[in-house]
Amino acid sequence: MARRKKIYEGKAKILYEGPEPGTLVQYFKDDATAFNAEKRDVIDGKGVLNNRLSEFFMTGLNTIGVPTHFIRRLNMREQLVRAVEIIPLEVVVRNVAAGSISKRLGIEEGTPMPRPIVEFYFKDDDLGDPIVSEEHIIAFQWATQQDLDDMIALALRVNDFMSGCMLSVGIQLVDFKIEVGRIFEGDYQRLVVADEISPDSCRLWDVKTGQKLDKDVFRRDLGNLADAYTEVARRLGVLPQTATPMTKPTLIN
Ligand code: TMP
Ligand code: ASP
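Cut-offs used in this document
- Residues numbered from 1 in each chain as written.
- Chains lettered and ligands numbered in written order.
- Predicted model: local features only at pLDDT ≥ 70, side-chain atom pairs only at ≥ 80, totals over all residues.
- Heavy atoms only, no water.
- Helix = DSSP H or I, 4+ residues; strand = E, 2+ residues; numbered from the N terminus.
- Polar contact = N/O pair within 3.5 Å; in protein donor to acceptor, adjacent residues only side chain to side chain.
- Contact = heavy atoms within 4.5 Å.
- Near = heavy atom within 4 Å.
- Areas by Shrake-Rupley, 256 points an atom, 1.4 Å probe, with all protein chains shown as cover.
- Nonpolar A, V, L, I, M, F, W, Y, C, P; charged D, E, K, R; others polar.
- Phe/Tyr/Trp six-rings, centres within 6.5 Å; stacked < 30°, edge-to-face > 60°.
- Buried < 20%, exposed > 50% of the residue type's maximum accessible area, 1.4 Å probe, protein only.
- Lys NZ or Arg CZ within 6 Å of the ring centre and 35° of its normal.
- Salt bridge = Lys/Arg side-chain N within 4 Å of Asp/Glu carboxyl O.
- Axes fitted to C-alpha atoms, helices over the stretch in contact; angles between N-to-C directions.
- Parallel < 35°, antiparallel > 145°, perpendicular 65-115°, else oblique.
- Left-handed = near helix turned anticlockwise from the far one by under 90°.

S.K.: What should I look at first to understand the side chain of Asn51 in this one?
M.R.: Following the sequence through the fold, Asn51 ends up in helix 1 (residues 46-63). Polar side-chain contacts of Asn51 include one of 2.8 Å to the side chain of Gln79. Once residues within four sequence positions are removed from consideration, Asn51 is found in contact with Phe28, Arg73, Asn75, Met76, Arg77, Glu78 and Gln79.

S.K.: Could you clarify how one ought to interpret the site of ligand 2 in this entry?
M.R.: For ligand 2, the full set of nearby residues is Lys11, Thr33, Ala34, Phe35, Asn36, Ala37, Lys215 and Arg219. Between ligand 2 and Lys215 there is a distance of 3.0 Å, counted from an oxygen atom to a side-chain nitrogen or oxygen. In the model, an oxygen atom of ligand 2 is placed 2.7 Å from a nitrogen or oxygen of the Arg219 side chain. In isolation ligand 2 has 260 Å² of accessible area, and contact with the protein removes 74% of it. Here the shell around ligand 2 is composed, by residue class, of three nonpolar, two polar and three charged.

S.K.: Can you help me understand the packing of aromatic side chains in this one?
M.R.: Each aromatic ring pair is summarised here by two numbers: the centre-to-centre distance and the angle between the ring planes. Following the criterion strictly, the structure yields three aromatic pairs and no others. Centre to centre, the rings of Phe56 and Phe57 are 5.6 Å apart; their planes meet at 80°, and the pair counts as edge-to-face. Overall, the relative accessible area of 30% leaves Phe56 in the partly exposed class. Accessibility expressed as a relative area gives 1% for Phe57, which makes it buried. Ring geometry for Phe140 against Trp142: centres 5.3 Å apart, planes inclined by 45°, an arrangement best described as tilted. According to the relative accessible area criterion, Phe140 is exposed, its value standing at 51%. An aromatic cluster is defined as three or more aromatic residues linked by ring pairs; in this entry it consists of Phe122, Phe140 and Trp142. Here Arg4 stacks its cationic end above the ring of Tyr16, 4.0 Å away from the centre of that ring. For Lys39, the ring lying beneath its charged end belongs to Phe218, and the centroid distance is 4.9 Å.

S.K.: What is the right way to read the pattern of salt bridges from this model?
M.R.: Think of it this way: side chains of opposite charge can pair up when their charged atoms draw near. All chains considered together, the criterion is met by 30 salt bridges. The salt bridge involving Glu9 is made with Lys29; its shortest N-O contact spans 2.7 Å. Taken together, the residues Glu9 in strand 1 (residues 6-9) and Lys29 in the loop between strand 3 (23-28) and strand 4 (31-34) connect sequence positions 20 residues apart. With its nearest N and O atoms 3.3 Å apart, the salt bridge here joins Glu55 to Arg52. Here Arg52 and Glu55 lie together in helix 1, a separation of three residues that amounts to about one turn. The pair formed by Glu55 and Arg52 is uniform in burial state, with each residue classed as buried. Here the residues in one salt-bridge network are Arg94, Arg104, Glu109, Glu119, Asp175, Arg203, Asp216, Arg219 and Arg220, joined through shared partners.

S.K.: Would you take a moment to explain the packing of helix 1 against helix 6 (residues 225-235) for this structure?
M.R.: For any two helices packed against each other, the geometry is given by the interaxial angle and the distance between the axes. Running from N to C, helix 1 and helix 6 point in directions that differ by 25°, and their axes come no closer than 10 Å. On the basis of their axis angle, the class for helix 1 and helix 6 is roughly parallel. As for how helix 1 packs across helix 6, the hand of that crossing is left-handed. Residue-level inspection shows Lys46, Leu49, Asn50 and Leu53 of helix 1 in contact with helix 6, the latter providing Leu225, Ala226, Tyr229, Thr230, Val232 and Ala233. Residues belonging to the contact of helix 1 with helix 6 are distributed by class as follows: seven nonpolar, two polar and one charged.

Written out as structure tokens, the structure is:
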């Protein structure tokens, strides 16, 4: 069989040419990086967990009418997605202060936001993904005003869905990041949620204990990252309820 063509390799995923035009295969690696890849490790089983968790969230979003690039999971590490043109912005929604907003504005971690705050960061590793304003985005033509309005609406719908999903299993959605892609259908363009939604791109705190169940476990050396992600997957029913946290996850199907 001919080797399939690699389209792009990022820090946590690889994109390959898909089986049909307009599709890609998204492969989840076990690599973990933080602080723009200054800190890196390989976490056994992380890619398998994120593939399943991203499938779970994207499928839920598709079901409630929030468009995503996700088509279907192919195997333990791969999913079929629609090829999109990624808008070069990271869209962050914050419900509670943590991470960079706490540092930048001196807000104590754990302080609730007065309302969900949407922020944009310019996707450029060499610059360290700097925060940008709507003025920058429009002036430099990274996106139009219409795109921005649509991205904010998408991000807030994702926030409502994800917050509810998480709260139902005793987890608070503190913040998250999404990426948005354009799909062209004739003259018409629409925006969809792309990339991944997983504990790599969210902050998740146990409602009762405040225990961190996201990539901060790795960023801040708080314990075993795969155990934290396994706990999220188990609570959401993506893993059998009887499973206890372990490094090598046992997955249904
Ligand atoms: P921050 O507090 O570091 O700005 O991160 C906000 C949210 O965005 C947090 O849930 C982690 C996520 N995030 C990513 O997914 N990728 C990144 O490169 C960064 C910096 C944050
Ligand atoms: N994903 C980014 C990195 O590799 C930053 C982060 O998530 O903290 O380095």
